[in-house]
Amino acid sequence: KWHVIVPLVILIAVGTTIYQNVTREKYDIDISYYGGFSVTDEQITQIDEYFSKYIDDIDQDEKKETTIHSTVSNSSDFEYQMAVANKFMAELSAGTYFCYLFSEEFYNTALSYEIEFEKVADLRENPTLSTILGTTENPTYLCVRKLYDRELNDEKKVAAHNNALLLLDGILQENNND
């Protein structure tokens, strides 16, 4: 009886994992947002549409797609703030994202951790994004972190990093044209 159940459970687990990996949506750029205010679904859609004009279709699915992973920390609960800080440090250590949207508070926190960014844009200088985000008074920064040494030979990581730089370069160029 067990010799049938155990292989069946293993087969189901492996099949589920394969199915999830094959059907999982892939994006040309993943962006992590850390801030003190929520970003609505409508704002995310507008940002995605705006960002897509600056990026390459690195997954070659004939669509330029972005996704924003949002983490909001406007709570005075110390444990929640620590959980957000731990999540942030884990993402940075793992090299999960190259592109970050930060409120001023999180940008300053990142700098205090001596995180090196290759490029940074203050989105208050971009009329489109400052309107979408309402950041005319509250700074929001778009940052691209440097590649870690361990990522230099990973084609997918290099392509994702280059896409993040394309995005930031496009935004900086638009800032300079206004």
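Above this text sits the structure in question.
J.: Break down the overall build of the protein chain for me, citing the residues and quoting the values.
T.: Along the backbone of the protein chain there are 6 helices and 5 strands. Listing the helices and strands of the protein chain from first to last along the sequence gives α-β-α-β-α-β-α-β-α-β-α. Looking at the protein chain as a whole, 38% of its 178 residues qualify as buried. When contacts within the protein chain are restricted to residue pairs at least 6 apart in sequence, those whose partners lie at least 24 apart make up 71%.

J.: So, the sheet that holds strand β4 (residues 117-122): which residues are in play, and what are the values?
T.: If you walk across this open sheet you meet the 5 strands as β2-β1-β3-β5-β4, and the pairing is mixed. Looking at which strands have only one partner, the edges of the open sheet turn out to be β2 (66-72) and β4. Along the sheet, successive strands turn relative to each other by an average axial angle of 20°, direction set aside. Along the sheet face, helix α6 (residues 155-177) touches β1 (29-35), β3 (99-103), β4 and β5 (140-145) and points at about 35° away from the line of β4.

J.: Break down helix α4 (residues 104-112) for me, with residues and values.
T.: Among all positions of α4, only Phe106, Tyr107 and Ala110 are buried. Each buried residue of α4 lies within a common arc of 105° when the element is viewed along its axis, so the set occupies one face. The inward-facing, buried residues of α4 abut β1, α3 (78-94), β3, β4 and β5. Looking at the residues trailing α4, positive phi occurs at Glu114, about 60°.

J.: Got a sec to walk through the pairing of β5? Specific residues and values, please.
T.: With 6 of 6 residues buried, β5 is to be regarded as a mostly interior element. What you see with β5 is no split at all: Thr140, Leu142 and Val144 on one side and Tyr141, Cys143 and Arg145 on the other are buried throughout. Inspection of the sheet shows β3 paired to β5 by 5 bridges, in the antiparallel sense. Bridging from a neighbouring strand, Tyr100 pairs with Cys143 of β5.

J.: Break down the packing of aromatic side chains for me, citing the residues and quoting the values.
T.: This structure, assessed with the given rule, holds 15 aromatic pairs. Ring centres of Tyr97 and Tyr100 lie 6.2 Å apart, and the angle between their planes is 85°; this geometry places the pair in the edge-to-face category. For the pair Tyr97 and Tyr100, a shared accessibility class is recorded, and that class is buried. A ring pair is formed by Phe102 and Phe117, whose centres lie 5.9 Å apart and whose planes are at 65°; its orientation type is edge-to-face. Of the two residues, Phe102 is situated in strand β3 and Phe117 in strand β4; the sequence distance between them amounts to 15 residues. A single burial state applies to Phe102 and to Phe117, both of which are buried. Of the aromatic side chains, those joined through ring pairs into one cluster are Tyr34, Phe88, Tyr97, Tyr100, Phe102, Phe106, Tyr107, Tyr113, Phe117 and Tyr141. The ring of Tyr148 has Arg145 sitting right over it, with the charged end atom 4.1 Å from the ring centre.

Rules and cut-offs
- Residues numbered from 1 in each chain as written.
- Predicted model: local features only at pLDDT ≥ 70, side-chain atom pairs only at ≥ 80, totals over all residues.
- Heavy atoms only, no water.
- Helix = DSSP H or I, 4+ residues; strand = E, 2+ residues; numbered from the N terminus.
- Buried < 20%, exposed > 50% of the residue type's maximum accessible area, 1.4 Å probe, protein only.
- Contact = heavy atoms within 4.5 Å.
- Pairing = 2+ DSSP bridges.
- Axes fitted to C-alpha atoms, helices over the stretch in contact; angles between N-to-C directions.
- Arc of directions from axis to C-beta.
- Phe/Tyr/Trp six-rings, centres within 6.5 Å; stacked < 30°, edge-to-face > 60°.
- Lys NZ or Arg CZ within 6 Å of the ring centre and 35° of its normal.

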